Amino acid sequence: GRPLGAVLTHGNLCTQALLFESICQGRHDDIGLAVIPLFHAFGAATNMLGPLSLGASVVMMETFSVDGIFRAIEKEKITYISAVPRLYLAMFMHQGAETRDVSSLRLCMTGGASIPTEFISMFREKFNVKLAEGYGLTEASPVVSFSRLEMTQKPGSVGTPAPGVDVKVVDDDGSELPAGQVGELIVRGPNVMKGYFNEPEATAEVLKGEWLYTGDLARLDDEGYIFLAGLKKRLIITSGFNVYPAEVESILLRHPAVKDAKVVGSPDFMRGEIVKAIVVKREGFSLDDTELIRYCRTYLAPFKTPREVEFVPSMP
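Basis of the calculations
Residues numbered from 1 in each chain as written. Predicted model: local features only at pLDDT ≥ 70, side-chain atom pairs only at ≥ 80, totals over all residues. Heavy atoms only, no water. Pairing = 2+ DSSP bridges. Helix = DSSP H or I, 4+ residues; strand = E, 2+ residues; numbered from the N terminus. Axes fitted to C-alpha atoms, helices over the stretch in contact; angles between N-to-C directions. Contact = heavy atoms within 4.5 Å. Patch = residues over 30% accessible without salt bridge, like charges linked within 9 Å, V, L, I, M, F, W, Y side chains within 5 Å. Areas by Shrake-Rupley, 256 points an atom, 1.4 Å probe, with all protein chains shown as cover. Salt bridge = Lys/Arg side-chain N within 4 Å of Asp/Glu carboxyl O. Buried < 20%, exposed > 50% of the residue type's maximum accessible area, 1.4 Å probe, protein only.

A look at the sheet that holds strand E19 (residues 308-311)
Whenever strands of a sheet pair, they do so through backbone hydrogen bonds, lying parallel or antiparallel. Taking strand neighbours across the sheet as the criterion, the 3 strands line up as E17-E18-E19 in an open arrangement whose pairing is mixed. Every other strand in the sheet has two partners, leaving strand E17 (258-268) and E19 as the edge strands with one partner each. Each neighbouring strand pair of the sheet contributes to a mean axis angle of 25°, computed without reference to strand direction. Bridging between strand E18 (residues 272-281) and E19 involves 4 bridges; their strand directions are parallel. Following the sheet pairing, isoleucine 278 is matched in E19 by glutamate 310. Across the sheet, helix H8 (residues 289-299) is in contact with E17, E18 and E19; its angle to E19 comes to roughly 130°.

Right, here's the structure in full:
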């Protein structure tokens, strides 16, 4: 669960700068709305590197609010947004959203977390703008695939590989699987990281020859579209951020009233998943979920802190 530093070269980052024009049909007169942080690989690629390469513009939001997003779209004539699904779900459900002028928008890009398949068409019908889903990971700078504007958008798919990127689905022995079968997705291309900073053993686990082993389970169809099927490694992805259960469990087990603890991802409409703690209390101690969550906030980042606690008599 200890964070690793993915070393991205200038060459890696240049591949991302070019993607905005090549697969998003970016133009110099585009105006983006930056609502995800630039320190996140997704935000850096779509709100910094891509626009800079074209001489396009980006509007920065200092504080996040759904009403503020609509105001910015109307005032600044925003043409594209890239964000995690939670933002688009919030826009869709915002009271009075149908009265706001979003006619300047030509594209909304999403990734970083799962999104309900049926929501993509609902969003398009409500706002008359395409919501295109992509897939990536920091180790790939981050974009691996995207739903191209000129191609059919298949429900449940995260699109096809970016230019210059090769993907395969393999079994546990590293043998390539035929279309339709689920296995680990591996990636090769100029976007793949140099390695983990000062971590040769961790690097060797994921970089094998030219291929990056993502730890994500997927299948390919006959046309090369990627369909994600889950995670091979134990990981929770909440609003686009990675949470390692072992890290959260180590904090829970420090509490004197906690005998045992297990952390899992619980499905959530807005965030994809939320962090849920399953806890066994020690005999003779009193403890409620509010106290335990407050305790975790002292030691963990907000997105890592459990949002739900279930007390059980013994660990299932």
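What about the side chain of lysine 130?
As for its placement among the helices and strands, lysine 130 is situated in strand E6 (residues 130-136). Here lysine 130 is in contact with Arg106, Leu107, Cys108, Arg124, Arg148, Leu149, Met151 and Gln153, once residues within four sequence places are set aside.

A few points about a nonpolar patch on the surface
The grouping of Leu38, Met48, Leu52 and Met60 at the surface amounts to a nonpolar patch, some 380 Å² of accessible area in total. Topologically, leucine 38 is positioned in the loop between strand E2 (31-34) and helix H2 (41-54).

Describing the pairing of strand E13 (residues 211-220)
Of all 10 residues in E13, 8 are buried; the element is thus mostly enclosed. Looking at chain direction, strand E10 (residues 183-188) and E13 are connected through 4 bridges and run antiparallel. Residue pairing for E13: valine 187 is matched across the bridge by leucine 212. The sheet contact formed by strand E12 (residues 207-208) and E13 spans 2 bridges and is antiparallel. Paired with lysine 208 across the strands is tryptophan 211, a residue of E13. Between E12 and E13, which follow one another and run antiparallel, lie 2 residues, and glycine 209 among them has a positive phi close to 70°. Where E13 and strand E14 (residues 226-231) come together, 5 bridges link them in antiparallel fashion. Residue pairing for E14: leucine 217 is matched across the bridge by glycine 230. The loop that links E13 with its antiparallel partner E14 comprises 5 residues; one of these, glycine 224, has a positive phi angle of about 85°.

That's the geometry; what it means functionally is another story.
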